[in-house]
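Residues per chain, in single letters:
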Amino acid sequence: MMLMQRLFPNLVTNKLCSAKILTNFVLRCTYGLNNVGSDDPGVEIPEKKIVEEKTSLAMRAYLQRATQYNSFMDQQIHEYKIGKRHLANMMGVDPETFTQKDIDAAIGYLFPSGLYDPKARPLMRPPSEVFPPKKDAEFDESGRPFHVFFYTGKPNFYSILHNIATKLVELNKFEDSLRKNNILPDADKKLTSFGSQWLSKEDLEKKTVERLSDHEYKHFVVAIERLLNHACAYKLTEFISEYQKPMISTKSIVESSPVLYTKDGRAYVTVKDCPRKDARADVTVYYPGTGKLSINGKGIEFFDYIQAREQILFPLLFTDMIDKVDIEATVSGGGVSGKAGAIRFGISWCLCSFVDPEVVERMRIAGLLQKDYRRRERKKPGQARARRKFTWKKR
Amino acid sequence: MRAYRRVCNYATAAIKQEAQYQIPTAARTDKTNPADHDHHDESKFYTIDPKTITSLFQMGGLPKPFTEQTQMFAETALMVRKPALEVIRGLKLADYQKPVIRYLLYGQTGSGKSLSLAHILHYAHNSKFILYHIPYVPIWLKYDRKEVNWSTTKNGLADIPLIAAQWLKHFKHQNEVLLNELNLTTSQDYVWSIRETTPKGTILNELITHGINRAKYACDCMDILLNELKAHCSNNKCKMLVAVDGFNAFFNEKTDLKTEDRVRVTPQQISMVQTGLSAVLSDWNNGAVVMVTSPRAALNTKRESHLPIYLCGRQGFEHIDPFIPVMVPELTTTEFNNMLDYYEEKRWLQKTGGRKELEFLTSRLPAELMARCASL
C-alpha cells in the first residue's frame, strides 16, 4: 500500500502530460503491486469471494498453497502463544505482561548455550519473524496476472528497473527543454552518493519479496547510479532516496580519557587494563615531558627484542611526541610481544588526549586505537601445532 | 613501522636524499696518550695506534663486536668518557706507598665498561705498569670443552691447564718488553718435579715460558708469578695494574666445568679463580686494581640489577671492600651525538636523521647503539 502511495503521486504529477499508454500502464502496474508483500493483517486476500468453479488451475493451486500456509502459520502462532504462557509460568511472571524481551531473557537463562554464533543458539520468536513471508496471489480467478511484468518471473524487481529507465528518459527530456532555453542544469544541486549507500542485495530482496541473483543486483546498482549521476537528478531526490540508506558512520567517536593534573601542574592521563593477548598494562602519560620511559621500573631495556621496542616507539613516532611526553607503564601477564602490544595500546589511547583531532583520526586509521582481538590458536589433536601437520610418511 | 610508512604515504626506497650533504665530522682529540686526557677531551674520540692494539689486545680485552667494527673502520677510536678519566686521575694521584686502591666499574649491559677498562689499560701500559689483565672471566668458566684436572699442589682445587697457559701467553704478550727492561727475577727456587726446577734468580720471562711450555704447571705458574710480582711491587721495583673484566663471575654459584671424574666444580674450587681473587686483595702496594662487574658475566638467572652488591653477593662484596665504585652511565646527549657523528663520518650511517628514534630505542647505551647502527 505504502509503496503504491509513494510511487503513484510521483508518477502522476510528473507524468500528467505523458502518453496515454504509460498512464494506462501505471494503473495496471500499481494494481499488481497492491497485493505485494502486504504485511498488514487487516488486508485479506479476497480468496473467499472467488467462486471455485470458475477458477483456473493456477488459481486453485495457489489457493491450496495459501490455505496450507495460513493454517500452518495459525498453528505456529497458536503454539507460540501457548509457549509464551508456559514460559511465563515457569519464570513465575504474569503471562499477560510477558514481553518478547522477557522471552529472550528466559530462553537465555533456561537454555544456556556456549555456541559461538548467536544464530545457532536456541531462540523463541514470533512465527512471522521466523518463517519467510509468501507472496500473495499475483493473478485473478481466471488465471490472468495482475502485473504487466508477471512473466518476467520477478515483476517487482523489473518494475523498479522499468521505473528507473522511464525516469531517466523523463530527465533527459527535462534537460533538453532547459538547454533549449539556454539554461544549464544547476551544478550545485547535483546529487552525490556521499554519506549514503545503495540498498544491499538482501534489503532489495526484502523490498521486492523476490530472490535476486548477483548479476541482477549489479544491474540495479548500475541503473540507479546512472540516474543519480544525471545532471537533473535533484528532481528525483525522493525516488532515489528510497533505494538509499545512510552509510553507517565508520568514524566511531574516540572518547579520550579525562586529563588529570599532578600537584606541580603537569597534565596526565591514565589508561588501565590495556589488553593484548594475555598481557594487561596500566599506562600513564605525562605531558609535557622529556621522553622518559619507565616500564615496571626499567627503561626500554625491559624489552630485549627490537621488535617490542619499536612497538612502544610507534605511537610516539606517529604523533611526533617522542621527547614531549613522559611515560610510566606497569605491565603483567603474557609474553614479550603481548606486553609490548598492551603498552602500545595504552600509550596510543593516552596520547589521544594530547594531540589534535586530525591526528587522532589518523591514529584510528593506522589502527593504533583498535583493540587487537586475536588470541593464541589452540593446538589440534593429530597435528603438530595449531596448523602444522606431522611429517607425512608413506609408511 | 610499515604501517607508519603506509600512512605517511612513502616507502623507504622512495625517500630521496640530497646527493650532496655535509658529512659531519666527529669531535676528536689529538692527544694519543691517555695520560694527557682531561675533562676538555670528554666525549671526544682518540685513536689508539695499531701497534699498541696488537701489543695490548691481541689476545682479548676488547669486545668482539667492537673489534669487528674497528676492522671495518680501519682505526680503533675510543671515546674519552668520564668514568675512565676518573680512574686514570685516581691512578695519577694515588700514593703508591699505601696498599693498592681498588676501583670497581659497574653499569648496565652495554654501557661501555669494557672499553673504559681498555682506556685505563692503555694509560697503564703507557705509564709502565705491568698489566695483570684477565680479559673476561666467564670464558674461563663457561663452555665445558676444557680439560679440568685436580691440582697436585693445592688440595681440593682444580686446574684448567690449557686456559692458564693461554693466559700466560696473553700476559707475556702484553708485558714482554717491560719485563725485559725491568729484569725481574724469582726470589726463591721452585721445584716443579724431580727433573724440572726453576732456580732462584731466574728472570720472570723464563718462568712464564716454562709455564707456557709445560701447561701442566701453568696454573701454579700463574700463582707464583702473581706472588713474585706482588713482592717486587712492594719492594718498589715495578708497578702493577690488576685488571679483571667480568669480576662477578668469580662468585657465581656454578660453572659449566666438569673434572675428568665428572665432578662439577664451583668457581671457588678453581685454582685460577683463587689466584684472581688473591690478585685483587690489597695486601701489596705500588699498584692498583680495576675490576669490572657486568650483568652478562653473571648466570642468566641473576641479571636483574647491575649493582655490584647484587652481582657479587655479600661474600664477594666483603672480599673487595673497601673499593671505589665508578658508575659507567649511558651516553650523555653530547656523547650520543658525537658517536652518531662519528658513524656518519665513517659513512657507517648513510643518512642523517632518526636520532630521536635511535635515542629512544637504545636508551643511549653505546653497545646497543652500535648494534642498531650496524647491518642486520
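Residues numbered from 1 in each chain as written. Chains lettered and ligands numbered in written order. Predicted model: local features only at pLDDT ≥ 70, side-chain atom pairs only at ≥ 80, totals over all residues. Heavy atoms only, no water.

1. Quick word on the overall build of chain B
Tallying secondary structure elements over chain B gives 14 helices and 11 strands in all. Per-residue burial for chain B yields a buried fraction of 51% across its 376 residues. Sequence-distant contacts, at least 24 apart, represent 74% of the contacts inside chain B between residues at least 6 apart. Surface exposure of chain B reaches about 18200 Å², of which carbon and sulfur atoms provide 50%. (Helix = DSSP H or I, 4+ residues; strand = E, 2+ residues; numbered from the N terminus. Buried < 20%, exposed > 50% of the residue type's maximum accessible area, 1.4 Å probe, protein only. Contact = heavy atoms within 4.5 Å. Areas by Shrake-Rupley, 256 points an atom, 1.4 Å probe, with all protein chains shown as cover.)

2. Regarding the overall build of chain A
Each helix and strand in chain A was counted, giving 12 helices and seven strands. By residue count, 37% of the 395 residues in chain A fall in the buried class. For chain A, contacts bridging at least 24 residues in sequence account for 64% of all contacts bridging at least 6. When the accessible surface of chain A is split by element, carbon and sulfur atoms take 56% of a total near 25600 Å².

3. A look at the sheet that holds strand β10 (residues 287-292) of chain B
All names here are of chain B. Spatially, five strands are ordered β4-β9-β10-β3-β11 in an open sheet, and the strand pairing comes out parallel. Across the chains shown, the open sheet's two edge strands, defined by having one partner strand only, are β4 (129-134) and β11 (324-327). In this sheet, adjacent strand axes meet at a mean angle of 20° when their direction is disregarded. Here six bridges tie β4 to strand β9 (residues 239-245), and the two strands are oriented parallel to one another. When the bridges of β9 are listed, Phe 129 appears paired with Lys 239. (Pairing = 2+ DSSP bridges. Axes fitted to C-alpha atoms, helices over the stretch in contact; angles between N-to-C directions.)

4. So, the packing of aromatic side chains
On inspection of all chains with the given rule, the structure shows 25 aromatic pairs over all chains. Ring geometry for Tyr287(A) against Phe354(A): centres 5.1 Å apart, planes inclined by 20°, an arrangement best described as stacked. Here Tyr287(A), found in strand β5 (residues 279-287), pairs with Phe354(A), found in the loop between α11 (336-351) and α12 (357-366); they are 67 residues apart in sequence, far enough to count as distant. Its relative accessible area of 31% is what places Tyr287(A) among the partly exposed residues. Taken together, the ring pairs in this structure connect Phe45(B), Phe73(B), Tyr342(B), Tyr343(B) and Trp348(B) into an aromatic cluster. Over the ring of Phe174(A) we find Lys235(A); its NZ or CZ atom is 3.6 Å from the centre of that ring. Of note, Lys239(B) hangs over the ring of Tyr96(B), and the distance from its end group to the ring centre comes to 5.2 Å. (Phe/Tyr/Trp six-rings, centres within 6.5 Å; stacked < 30°, edge-to-face > 60°. Lys NZ or Arg CZ within 6 Å of the ring centre and 35° of its normal.)

5. A short note on the nonpolar core
All names here are of chain B. Of all hydrophobic cores here, the largest spans 60 residues; its most connected members are Tyr 132, Phe 247 and Phe 250. Non-local contacts of Phe 247, meaning those with residues more than four positions away in its chain, are made with Leu 277, Val 280, Met 291, Val 292, Thr 293, Cys 312 and Ile 320. Residues Ala 84, Val 87, Leu 117 and Tyr 123 belong to the second largest nonpolar core, which totals 49 residues. (Core = buried A, V, L, I, M, F, W, Y, C linked by side-chain atoms within 4.5 Å.)

6. Section: the interface of chain A and chain B
Opposite the 18 residues of chain A that make contact, chain B presents 16 residues. Buried surface at the junction of chain A and chain B, both sides included, amounts to about 1600 Å², of which 70% is carbon and sulfur. Between chain A and chain B we count two salt bridges in total. Between Glu368(B) and Arg309(A) there is a salt bridge, and its shortest N-O distance comes to 3.2 Å. Elements with a contribution of two residues or more to the side of chain A that touches chain B: α10 (306-319) and α12 of chain A. No other element matches the nine residues that α10(A) contributes to the side of chain A that touches chain B. Split by residue class, the side of chain A that touches chain B holds 11 nonpolar, no polar and seven charged. (Buried area = accessible area lost by both parts, 1.4 Å probe. Salt bridge = Lys/Arg side-chain N within 4 Å of Asp/Glu carboxyl O. Nonpolar A, V, L, I, M, F, W, Y, C, P; charged D, E, K, R; others polar.)

7. Digging into the pairing of strand β2 (residues 76-79) of chain B
Residues and elements named next belong to chain B. Burial along β2 is two-sided: Thr 76 and Leu 78 and Ala 77 and Met 79, pointing in opposite directions, are all buried. One ladder, built from four bridges, connects strand β1 (residues 45-48) with β2; its direction is antiparallel. Pairing of Phe 45 across the sheet is with Met 79, part of β2.

8. Examining helix α8 (residues 204-213) of chain B
All names here are of chain B. Within α8, seven of the 10 residues are buried, leaving the element largely enclosed by the surrounding structure. Within the sequence span of α8, burial applies to Leu 204, Asn 205, Leu 207, Ile 208, His 210, Gly 211 and Ile 212. Summarising the contacts, the buried residues of α8 are in contact with α7 (161-182), β8 (197-198) and α9 (218-234).

9. Describing helix α12 (residues 333-345) of chain B
Given 3.6 residues per turn, any residue in an α-helix points the same way as the ones three and four places further on. Residues and elements named next belong to chain B. Between its first and last C-alpha, α12 extends 18 Å over 13 residues, near the 18 Å set by a 1.5 Å rise per residue. Turning to α12, its buried residues are Glu 335, Phe 336, Asn 338, Met 339, Leu 340, Asp 341, Tyr 342, Tyr 343 and Glu 344. In this structure, the buried side of α12 is in contact with β1, α3 (64-73), β2, α13 (355-362) and α14 (366-373). Arg 347 occupies a position one or two residues after α12 and carries a positive phi of about 60°. (Expected span 1.5 Å × (residues − 1).)

10. A closer look at unusual backbone geometry
With an omega of 0°, the peptide bond between Tyr287(A) and Pro288(A) qualifies as cis. Along the chain, Pro288(A) falls in the loop between β5 and β6 (293-295). Backbone torsion omega between Asp321(B) and Pro322(B) reads 0°, so that peptide bond is classified as cis. Relative to the assigned elements, Pro322(B) resides in the loop between α11 (308-320) and β11. Located in the positive-phi region is Arg364(B), a residue other than glycine, with phi close to 60°. Residue position: Arg364(B) is located in the loop between α13 and α14. By relative accessible area, which is 22% here, Arg364(B) ends up partly exposed.

11. Regarding the environment of Arg372(B)
With respect to the element layout, Arg372(B) can be found in helix α14. The spatial distance from the C-alpha of Arg372(B) to the C-alpha of Thr362(B) is 7.7 Å, given a sequence separation of 10 residues. Discounting chain neighbours no more than four positions away, the residues touching Arg372(B) are Ile306(A), Leu358(B) and Thr362(B).

12. Here's the deal with the environment of Arg264(B)
All names here are of chain B. Looking at where Arg 264 falls in the secondary structure, it is placed in the loop between β9 and α10 (271-279). Separated by 10 residues in sequence, Arg 264 and Lys 254 place their C-alpha atoms 8.0 Å apart. If near-sequence neighbours (up to four positions away) are discounted, Arg 264 is found in contact with Thr 255, Asp 256, Leu 257, Lys 258 and Gln 269. A distance of 3.4 Å separates the side chain of Arg 264 from the backbone oxygen of Thr 255, its partner in a polar contact. (Polar contact = N/O pair within 3.5 Å; in protein donor to acceptor, adjacent residues only side chain to side chain.)

13. Quick notes on the side chain of Lys201(A)
Residues and elements named next belong to chain A. Position of Lys 201 among the secondary structure elements: in helix α7 (residues 201-208). A distance of 3.1 Å separates the side chain of Lys 201 from the side chain of Asp 214, its partner in a polar contact. If sequence neighbours within four positions are ignored, Lys 201 has contacts with Leu 212, Ser 213, Asp 214 and Tyr 217.

14. Concerning the sheet that holds strand β4 (residues 267-276) of chain A
Residues and elements named next belong to chain A. Spatially, five strands are ordered β3-β4-β5-β7-β6 in an open sheet, and the strand pairing comes out mixed. Of all the strands in the sheet, just β3 (260-261) and β6 have a single pairing partner and so form its edges. As paired strands, β4 and β5 are joined by eight bridges and run antiparallel to one another. Following the sheet pairing, Tyr 268 is matched in β5 by Tyr 286.

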